[in-house]
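Summary of the model geometry
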Amino acid sequence: MANGFSKEEIVAFEQILEGFEDALVLSNNVSKYNTDSTGMERSGDTIWRPMPYIAQSHDGLDATSNFDGATQLSVPATLGYSRHSAVSLDGKELRDALQENRLGKAAYQKLASDVNVAIMSVAAAQGTLVVPIAAAASGYGNIAECDALMNEQGVPMYDRYQALSSRDYNGMAADLAGRQTFTGKTTNAYEKSYVGDVAGFETYKLDYANRIDAATATTVTMAAADQYYTPAATSTAATGEVGNVDNRYQTISIAVTTSTVKVGDCITIAGVNAVHHITKQDTGQLKTFRITEIVTGAGGTGTVKISPPIISGQGTTDAELAYQNVTATPANGAAIVFLNIAD
């Protein structure tokens, strides 16, 4: 008969198998802004950061009729996340320092990942410059379109980063690897699936990326005339309190006859072109907007919040002319076209 020996179970505590990691691509490429902890506590963890002024100029030497008050816009920055990772070790378990250290490492890896996910979610939900493509990113032309869109509207031509999902990034690398007229760059693309600088952007490969759903509404129009926005530095409540105004959003009325709209949809409005933010020249391209909130109903006639607001300069205030971002106020019944036509 076979021998029945007892077996010794051995755990190699010091020899850990390969694990997982979060590349933290986005959180490693955003600027950090520090605040005063006491002031943040007293202000409900919100601080208002001023936007840059946009000035106007006038013809002639006589400036007596051109003086007007400046309007300073600002944006609220809020500490909106309070994440933590908890584990319980009793007094006996704490004697094993290896476990404490490894659990601590796992905790800070997860919290760092949470920061990265939060940044990605805000960028994906709040980004308003949209370049639609029919399928996955595949070549230089896709990034060049982003470059053109930013240049036309006066976005500075430096410190530009583009983060792509792994499949899109590798598709870009495949396009580059096939260009045998290049030296060096094609080798890196083929051997390391590395793209690098393209069309003024430093490109990065994401190990995970947000997926935006395709639009479901197909027939949507503006449901009222004169839907334009007037920027303001402050507003006064009915009780007399004066507070800052967040000028990133505008509520508009729309009519939906087919399906519903949803948060995250990317749209253009017929007849509403983007302008260069300094020169106010027409770019010849429709301005892109994002739906950031459903205010009253997503089907039929309802109201939604969009970003950025429609600042057409139709009014006469200095702020409307200085911060104008589109060529015209949309007409009542103007067609709304969705750019996120595929998941």
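Residues numbered from 1 in each chain as written. Predicted model: local features only at pLDDT ≥ 70, side-chain atom pairs only at ≥ 80, totals over all residues. Heavy atoms only, no water.

**So, the overall build of the chain**
On a plain count of helices and strands, the chain comes out with six helices and 15 strands. Rg of the C-alpha trace for the chain: 26 Å, well past the compact-globule value of 20 Å for 343 residues, more than 25% over. By its C-alpha atoms, the chain is 105 × 60 × 50 Å across when sized along the principal axes. The proportion of buried residues among the 343 residues of the chain is 31%. (Helix = DSSP H or I, 4+ residues; strand = E, 2+ residues; numbered from the N terminus. Rg over C-alpha atoms; globule rule 2.2 N^0.38 Å. Buried < 20%, exposed > 50% of the residue type's maximum accessible area, 1.4 Å probe, protein only.)

**What about the sheet that holds strand β13 (residues 289-296)?**
Across a sheet, strands are paired by hydrogen bonds formed along the backbone, either parallel or antiparallel in direction. Spatially, β6-β9-β14-β13-β10-β15 is the arrangement adopted by the six strands of the closed barrel, whose pairing is antiparallel. Mean inter-strand twist for the sheet, computed between neighbouring axes without regard to direction, equals 50°. (Pairing = 2+ DSSP bridges. Axes fitted to C-alpha atoms, helices over the stretch in contact; angles between N-to-C directions.)

**A few points about helix α3 (residues 140-152)**
Helical geometry: 3.6 residues make up each α-helical turn, so side chains three or four residues apart lie on a common side. With 13 residues, α3 should cover 18 Å at 1.5 Å per step; its first-to-last C-alpha distance of 18 Å lies within 8% of that length. Along α3, the residues that are buried comprise N142, I143, A144, C146 and L149. Looking at the packing, one finds that the buried side of α3 touches β3 (161-165), α4 (166-177), β4 (197-198) and β5 (201-206). G154, located one to two residues past α3, shows a positive phi value of around 90°. (Expected span 1.5 Å × (residues − 1). Contact = heavy atoms within 4.5 Å.)

**Considerations on the pattern of salt bridges**
Applying the stated criterion across every chain, the model contains six salt bridges. A salt bridge links D246 to R248; the nearest nitrogen and oxygen atoms lie 2.7 Å apart. When its relative accessible area of 23% is taken as the criterion, D246 is described as partly exposed. Relative accessible area serves as the criterion here: at 30%, R248 is assigned to the partly exposed category. Shared partners join several salt bridges into a network, and the residues in it are R83, K110 and D114. (Salt bridge = Lys/Arg side-chain N within 4 Å of Asp/Glu carboxyl O.)

**A word on the side chain of T186**
Along the chain, T186 turns up in helix α5 (residues 185-192). The contact partners of T186, leaving out residues within four places of it in the chain, are L176, A177 and R179.

**Side note on unusual backbone geometry**
S307 connects to P308 through a cis peptide bond whose omega is -5°. The residue P308 is located in the loop between β14 (300-307) and α6 (318-322) in this model. The phi dihedral of A199 is positive, around 50°, even though this residue is not glycine. You can see A199 is positioned in the loop between β4 and β5.

**As for the environment of L73**
Structurally, the position occupied by L73 is in the loop between β1 (46-50) and β2 (74-78). According to the relative accessible area criterion, L73 is buried, its value standing at 3%. When residues no more than four places from it in sequence are discounted, the contact partners of L73 are P50, M51, P231, A232, A233, N247 and Y323.

**So, the environment of S74**
Tracing the sequence through the fold places S74 in strand β2. Residues contacting S74, with those up to four places away along its chain left out, are W48, R49, P50, M51, N244, V245 and D246.

**What to know about the confidence of the model for the chain**
Considering every residue of the chain, the mean pLDDT works out to 89; 99% of them sit at 70 or more. Element-level mean pLDDT values for the chain span from 78 in α5 up to 97 in strand β11 (residues 273-275). (pLDDT = per-residue confidence, 0-100.)

**Details of the sheet that holds β4**
Across the sheet, which stays open at both edges, the three strands sit in the order β3-β5-β4 with mixed pairing between neighbours. Two strands lie at the open edges of the sheet, namely β3 and β4, each paired on one side alone. Inspection of the sheet shows β3 paired to β5 by five bridges, in the parallel sense. The partner of L164 across the bridge, within β5, is K205. Packing of α3 onto the sheet brings it into contact with β3, β4 and β5, and relative to β5 it is tilted by some 125°.

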